[in-house]
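# Observations on the model geometry
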Amino acid sequence: MVLLVLLFCGTYYLVTNDAVFKKSAIQTFTLAEQPAPQGTPAPREPLAGSTTVPPDLKGQTGAHAAPATATEEDGQAEALPSLALPVAGKMGKGYGFTYAPAFGDYRFHPGVDLEAPAGSEVKAAAAGVVKQVEHSEAWRYRLILDLDNGYQLVYAHLSSIKVAKGDKVQAGTVLGELGDPGTAEAGTSAHLHLELLKNGKAIDPVSALQ
């Protein structure tokens, strides 16, 4: 009898005790709050896209990659050589992406075209040494004049040459005569194709021409 009374009391206690039945069977624990990362995480690699395109070439397309422009050292732009006009004529096609009639597309033009009649005298724009003379169907006579300090001038579309490789020339020395354009620039009027190179890379010669 006593055992039944004890059993009844124990059951009644368990049924009526809220603390026992309201306790969750599974207890969850939260980790200590971690501090939020500060700032935006940096990408593992530099982002590619329009920010890598030089400002003057954005939105333009062509057959060739754009040559490098003049470099700057110690935060100061290097002074360009002073160039006299090598032929009496007017400015034609400029430096940059432009239509090429010979190929029927747009591509990078690494120099400027100075329009003048065939037979016009072509002169040295500055003092230098003739480093190369060659002839091809593409450029007719093509001549490279070394100005020192890494600068070179390239003349193309000459019909004749009056100097030889290794000659030292002064500004105004006659280098040859202008002819009709070669196949590289066919479909254009007679002109001197002139390039200014710095360490072998083309830069815009217009700002150097006097």
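In what follows, the structure referred to is the one given above.
Structural notes, computed from the coordinates. Please read these numbers as outputs of a predicted model, since none were measured by experiment. (Residues numbered from 1 in each chain as written. Predicted model: local features only at pLDDT ≥ 70, side-chain atom pairs only at ≥ 80, totals over all residues. Heavy atoms only, no water.)

### Here's the deal with the packing of aromatic side chains
- Inspection of the entire model under this criterion finds 3 aromatic pairs.
- Aromatic pair F97 and F108: ring centres 5.1 Å apart, planes at 85 degrees, arrangement edge-to-face. Placement of the pair is F97 in strand β4 (residues 96-100) and F108 in strand β5 (residues 105-109), with a sequence separation of 11 residues.
- F108 gets classed as buried once you look at its relative accessible area, which sits at 8%.
- With centroids separated by 5.3 Å and ring planes inclined at 65 degrees, the aromatic side chains of Y99 and Y106 adopt a geometry described as edge-to-face.
- Given the relative accessible area of 40%, Y99 is considered partly exposed.
- Following the ring pairs from residue to residue traces out a cluster consisting of Y95, F97 and F108.
- One Lys or Arg, R107, reaches over the ring of F103 and ends 4.0 Å from the middle of that ring. (Phe/Tyr/Trp six-rings, centres within 6.5 Å; stacked < 30°, edge-to-face > 60°. Helix = DSSP H or I, 4+ residues; strand = E, 2+ residues; numbered from the N terminus. Buried < 20%, exposed > 50% of the residue type's maximum accessible area, 1.4 Å probe, protein only. Lys NZ or Arg CZ within 6 Å of the ring centre and 35° of its normal.)

### So, the pairing of strand β6 (residues 112-115)
- Relative to β6, strand β3 (residues 90-91) runs antiparallel, the two sharing 2 bridges. The partner of M91 across the bridge, within β6, is L114.
- For β6 and strand β13 (residues 191-198), the ladder comprises 4 bridges, and the chain directions are antiparallel. Pairing of E115 across the sheet is with H191, part of β13. (Pairing = 2+ DSSP bridges.)

### Quick word on the nonpolar core
- Counting 34 residues, the largest nonpolar core has L83, L145, L153, Y155 and L192 as the members making the most contacts within it.
- At the level of elements, β6, β9 (140-148), β10 (151-161), β12 (174-178), β13 and β14 (201-203) are the ones that each hand at least two residues to this core.
- Here this core gets 5 residues from one element, more than from any other, and that element is β10.
- If we skip the residues at most four places from it in the chain, L192 touches P86, V87, V112, D113, L114, V122, Y155, A156, L158 and L178. (Core = buried A, V, L, I, M, F, W, Y, C linked by side-chain atoms within 4.5 Å. Contact = heavy atoms within 4.5 Å.)

### Brief notes about the environment of Q132
- Of note, Q132 is situated in strand β8 (residues 128-136).
- Between the C-alpha atom of Q132 and that of K165, which follows or precedes it by 33 residues, the distance is 5.5 Å.
- Setting aside residues no more than four positions away along its own chain, Q132 makes contact with R142, L143 and I144.
- A distance of 2.7 Å separates polar atoms of two side chains, one belonging to Q132 and the other to E134. (Polar contact = N/O pair within 3.5 Å; in protein donor to acceptor, adjacent residues only side chain to side chain.)

### Considerations on unusual backbone geometry
- For D148, which is not a glycine, the phi torsion comes out positive at approximately 80 degrees.
- On the accessibility criterion, D148 (54% relative accessible area) is exposed.
- Despite not being glycine, H157 shows a phi value in the positive range, around 75 degrees.

What is shown is where atoms sit, not what they do.
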